[in-house]
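# Notes for the structure review
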Amino acid sequence: MPSQQKFVYSFTEGNKELKDLLGGKGANLAEMTNLGLPVPPGFTITTEACKVFLETGSEPTSLHEEISAHLDALEQEMGKKLGQADNPLLVSVRSGAKFSMPGMMDTVLNIGLSDASVAGLVAQSGNERFAWDSYRRLVQMFGKTVLGVDGELFEEALDEAKHAKGTTDDLALDAADLRELVEVFKGIVERETGRAFPQDPRVQMDLAIHAVFHSWNGDRARLYRRQERIPNDLGTAVNVCTMVFGNLGEDSGTGVAFTRDPSTGTQGVYGDYLSNAQGEDVVAGIRNTLPLAELEKLDKKSYDELMAIMQKLENHYLDLCDIEFTIERGKLWMLQTRVGKRTAAAAFRIAVQLVDQGLIDLDEALMRVTGGQLSQLMFPRFAPNTESRQIAWGLAASPGAAIGKVVFDSYTAVKWSRSGEKVILVRRETNPDDLDGMIAAEGILTSRGGKTSHAAVVARGMGKTCVCGAEELEVDTKARRFTTADGQVIHEGDLVSIDGATGKVYLGEVPVLPSPVVEYFEGTLHAGADVQGGLVQAVHRLMSHADGRRRLAVRANADNAEDGGRARRYGAQGIGLCRTEHMFLGEERRKEVEHLILADNDKDRELALSTLLPLQKSDFLELFQAMDGLPVTVRLLDPPLHEFLPDITELSVRVALAEARKDPNENDLRLLQAVHKLHEQNPMLGLRGVRLGLVIPGLFGMQVRAIAEAAAERKLAGGDPRPEVMIPLVGTVQELELVRDECERVLAEVAQSTGVHLDIKLGTMIELPRAAVTAGQIAEAAEFFSFGTNDLTQTVWGFSRDDVEASFFTAYLEKGIFGVSPFETIDRDGVGSLVKHAVEAGRATRPDLKLGVCGEHGGDPDSVHFFHEVGLDYVSCSPFRIPVARLEAGRAAIETAGSDSR
């Protein structure tokens, strides 16, 4: 008979490898217990229990009994019972998913306190104020988190109590004040919920556990998962842990520490500490904290023990560790550890530091950084010595240069952002309910909180610029303004600039400079410069390793010599997409295209093509020179011809006005007739791509001749041009065969007339579902495929991108239909399966078929891994995304090698 599924684990039973089952917090509490560190005893309810609860609406049958057994064991170990009147055991109930989601799910402290047990806590602690403060916190947290009472009601009551006492400091309230506040809070609970605050400690614990389960599907948790691309089906574990108290007096306290600076990666003592406080006070940023180094002066014994534990944890996890701790009357307790969130700059620096310390190898270091982080490092920075007026200086919590209009709440941030405004969210302190606004804002500014506050931790995780703890600012969210130390009032809508690298806040817009990482890729950074504490050197080392490990080549989407040159400096190994339609822009060339469209006989058409030929050839000469020795894939004309004609409304008005003046313009009349003739209901599925080449005689032939003549001229000049011709929007092999015949004839003519041997490959874009399905047939006539995933995504999904992104994509993302837009990251199940089929079918027909991708997905980190997996030879993307693609291609190779070895 199979054994019954186990849903509860003691901290002594698990380890850090069980994150899927115990969540990150539970697995790491178990790991610290195994290491012999001082962890308060407790147990973890698994993510599997959460999944059953959310799917069925009730606990697994055996869960209540399992919790009771572990609670009994905990009570025996501690020598006291949950909530007993004379010597109460108190516990915390905390969420803990596999992936860190700071502040996004629920926590309840001091479970077990009641009207009966608060006296026992007074006797136990010898501190009446502490006991009533703990009870006050429980009613407030339980009321808001478990019972759904508006948290502002409790805050207002607390403010009234402080006002009556003539203070703004929580610590100024004495035991009598807090006892009275508990009664007020219980009254709020009963008034808002229709029932009294529960006095049974087991009922408190069970309801808190259920609330944590429910919080997995809370709005802020779902939004955070969508932002961080965390799957929705993982569930959260629940950790029930013996309470230890940092609010027992000045010999107690609570803090958060990092083994390295999460903003810069620098080694040292980093963190925040609050005397006489509970853990939520630090993270919430309600009180401004002390730097962790100050703990050495307050309690050297605990400080030295903490430093030793931090070193042990970093050496054990081989990474930056984020630690939460409490000191209870001089005794240090470890409440949590996890691999810490960090800024992009810190990620690169720390990875290389750990290599130099011999703790990890370069493969592991490369897996510790991401293309998304590299992209962040390429953002601009503020110019030094700016003349802009500095109005505040806070803590540099998350780097970057953010400029925007001041807003004071999440709703306004989202609303203004959606209308195209760049905004800075300003708060006294943020809380998880501000997540919408934090995502929408360019940056976050708070007047309270430290580097471990909610705002700082979440901003670093999202790569948002953040300045915290700008204490001299008086933030008035109701009046929608803040006041600086010298009395200047900044209103909502005023423009400010915040520097997350220095903590400085400026009025107005500060000029920006290119990132030093961009200067490094551009080759304009002074050789050997130790910029930003070795950041550029760290990027260089990891990029070099990625290049040595990757199998995928990286090309660029570039249409001219300037972009080609930039792409080459950024590490491109060729051009994967040159869009020839961009070469027809500009007034002079547009006129020539108009002549081609208006030509109604062979003579006029040939004249128009002969005029365009030298212009095209000149473009290709410049491009081939810039990319000498590297492949250049030239896509023949793709868009509908109407795109080269004037707007139909504008042209109609012009013609009507001319006729009203009795001075008609014959050319405009002909153009208007042509526009009407070419008008299509759905032009992106109409006369474009290969269809143009088949319907307009000589169009593709002219383009191929320009390519071939330019290549021949470059060869005769000693160059090494390597053009490839790509035919767009092919749906059937017959289309490709017809165009290929024309191309081969033109290439043979140019080779004969110039005496130059030309080895120019002919291939096609796979951007229609039919092309992907019949790729085996199409490969008979193609020497290479390039997947046009933009159009392939549109045609697979039946989406018109320009329309759907504005009309319903937001709703689809919110409802979870998409985890991410299929235009940002390849849809593996739909579009991806067609790509995979086309790869296999194409190579079955032609084993040496070269395969690439030239849609925007070519520079998306997740998509690069997919293209590596299915066996493409290269990805192609915009020049600025080339470094990201290079890095991710290296990471994909290491990831695949690791999977193969397992």
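A short tour of the structure in this document, coming up.

Reading the values: rules and limits
- Residues numbered from 1 in each chain as written.
- Predicted model: local features only at pLDDT ≥ 70, side-chain atom pairs only at ≥ 80, totals over all residues.
- Heavy atoms only, no water.
- Helix = DSSP H or I, 4+ residues; strand = E, 2+ residues; numbered from the N terminus.
- Rg over C-alpha atoms; globule rule 2.2 N^0.38 Å.
- Buried < 20%, exposed > 50% of the residue type's maximum accessible area, 1.4 Å probe, protein only.
- Contact = heavy atoms within 4.5 Å.
- Areas by Shrake-Rupley, 256 points an atom, 1.4 Å probe, with all protein chains shown as cover.
- Lys, Arg positive; Asp, Glu negative; His and termini not counted.
- Charge placed at Lys NZ, Arg CZ, Asp CG, Glu CD.
- Pairing = 2+ DSSP bridges.
- Axes fitted to C-alpha atoms, helices over the stretch in contact; angles between N-to-C directions.
- Phe/Tyr/Trp six-rings, centres within 6.5 Å; stacked < 30°, edge-to-face > 60°.
- Parallel < 35°, antiparallel > 145°, perpendicular 65-115°, else oblique.
- Nonpolar A, V, L, I, M, F, W, Y, C, P; charged D, E, K, R; others polar.
- Salt bridge = Lys/Arg side-chain N within 4 Å of Asp/Glu carboxyl O.
- Patch = residues over 30% accessible without salt bridge, like charges linked within 9 Å, V, L, I, M, F, W, Y side chains within 5 Å.
- Expected span 1.5 Å × (residues − 1).

Looking only at helices and strands, one finds 36 helices and 31 strands in the protein. Relative to the 2.2 N^0.38 estimate, which gives 29 Å for 902 residues, the radius of gyration of the protein is 33 Å and therefore close to what a compact globule would have. In terms of overall dimensions, the protein has a C-alpha envelope of 105 × 75 × 55 Å along the principal axes. Within the protein, the fraction of its 902 residues that count as buried is 56%. Long-range pairs, those at least 24 residues apart, make up 69% of the contacts in the protein between residues at least 6 apart in sequence. Summing over all exposed atoms, the protein offers an accessible surface of approximately 36800 Å²; the carbon and sulfur share of this is 49%. The distance from the centre of the 96 positive side-chain charges to the centre of the 133 negative ones in the protein is 2 Å.

Let us now look at the sheet that holds strand 9 (residues 321-328). With antiparallel pairing, the five strands of this open sheet are ordered in space as 8-7-6-9-10. The open sheet has two edge strands with one neighbour each: strand 8 (290-291) and strand 10 (331-339). Here helix 12 (residues 300-317) sits on the sheet in contact with strand 6 (253-260), strand 7 (267-275), strand 9 and strand 10, set at roughly 25° to strand 10.

To continue, consider the packing of aromatic side chains. Tallying each qualifying case throughout the model produces 26 aromatic pairs. Between Phe799 and Phe823, the aromatic rings sit 6.5 Å apart at their centres with planes inclined by 45°, giving tilted as the arrangement. Of this pair, Phe799 sits in the loop between helix 31 (789-797) and helix 32 (801-807) while Phe823 sits in the loop between helix 33 (809-814) and helix 34 (828-845), and the two are 24 residues apart along the sequence. Both residues of the pair, Phe799 and Phe823, count as buried. Joined through ring pairs, the aromatic side chains of Trp797, Phe799, Phe808, Phe809, Tyr812, Phe818 and Phe823 make up one cluster.

Relative orientation of the contacting elements helix 2 (residues 47-56) and helix 8 (residues 201-215) amounts to 80°, with a least axis distance of 10 Å. Classified by the angle their axes make, helix 2 and helix 8 are roughly perpendicular. Of the residues in helix 8, those touching helix 2 at Ala49, Cys50, Phe53 and Leu54 are His210, Phe213 and His214. When its residues are assigned to classes, the contact of helix 2 with helix 8 shows five nonpolar, two polar and no charged.

Moving on: the pattern of salt bridges. Taken as a whole, this structure holds 61 salt bridges when the rule is applied. Arg740 is the salt-bridge partner of Glu744, the closest N and O atoms lying 2.9 Å from each other. You can see Glu744 and its partner Arg740 sitting in helix 28 (residues 733-754), four residues apart, about one turn around the helix. A salt bridge links Arg828 to Glu869, with the shortest nitrogen-to-oxygen separation between them at 3.0 Å. Of this pair, Arg828 sits in helix 34 while Glu869 sits in helix 35 (residues 861-870), placing them 41 residues apart in sequence. By relative accessible area, Arg828 is classed as partly exposed at 38%.

A surface patch of nonpolar side chains, about 270 Å² in accessible area, is lined by Leu694, Val695 and Leu738. For Leu738, a relative accessible area of 53% gives the class exposed.

For sheets, the rule is that strands pair by backbone hydrogen bonds, running either parallel or antiparallel. Strand order in this open sheet of five strands is 1-2-5-3-4, and the pairing throughout is antiparallel. On the outer flanks of this sheet lie strand 1 (8-10) and strand 4 (107-111), each paired with one strand and no other. Neighbouring strand axes in the sheet, compared pairwise and without regard to direction, differ in orientation by 20° on average. Pairing between strand 3 (residues 91-97) and strand 4: three bridges, direction antiparallel. Within the sheet, the bridge partner assigned to Arg94 lies in strand 4 and is Thr107.

For helix 34, built from 18 residues, the straight-helix expectation of 26 Å at 1.5 Å per residue is met to within 8% by its first-to-last C-alpha distance of 24 Å. Within helix 34, the full set of buried residues consists of Val831, Gly832, Leu834, Val835, Ala838, Val839, Ala841 and Gly842. Next to the buried residues of helix 34 lie helix 29 (769-773), helix 30 (775-778), strand 29 (784-787), helix 31, strand 30 (850-853) and helix 35.

With that settled, the discussion passes to the environment of Ala208. Assignment of secondary structure puts Ala208 in helix 8. Note on Ala208: relative accessible area 0%, which makes it buried. The spatial distance from the C-alpha of Ala208 to the C-alpha of Lys331 is 28 Å, given a sequence separation of 123 residues. Setting aside its immediate chain neighbours within four residues, Ala208 contacts Val93, Val108, Ile111 and Val146.

Taken together, the side chains of Asp150, Glu152, Glu155, Glu156 and Glu160 define an acidic patch exposed on the protein surface. Overall, the relative accessible area of 56% leaves Glu160 in the exposed class.

A few words on the packing of helix 21 (residues 561-569) against helix 23 (residues 602-626). Each pair of packed helices gets described by two things: the angle between the helix axes and the distance between those axes. Helix 23 packs onto helix 21 with a crossing angle of 10° between their chain directions and a minimal axis gap of 8 Å. Judged on the interaxial angle alone, helix 23 and helix 21 are roughly parallel. Contact with helix 21, carried on its side by Ala561, Gly565 and Arg568, involves Glu622, Leu623 and Ala626 of helix 23 and no other residues of that element. A class-by-class count of the residues in the contact of helix 21 with helix 23 yields three nonpolar, one polar and two charged.

Trans peptide bonds make up most of the peptide bonds, and negative phi angles are found at most residues other than glycine. Positioned with a positive phi, Leu318 is a non-glycine residue whose angle comes to about 60°. One can find Leu318 in the loop between helix 12 and strand 9. Exposure remark for Leu318: the relative accessible area of 27% places this residue in the partly exposed category. Here the phi dihedral of Arg329 falls at roughly 50°; this positive angle occurs in a residue that is not glycine. Along the chain, Arg329 falls in the loop between strand 9 and strand 10.

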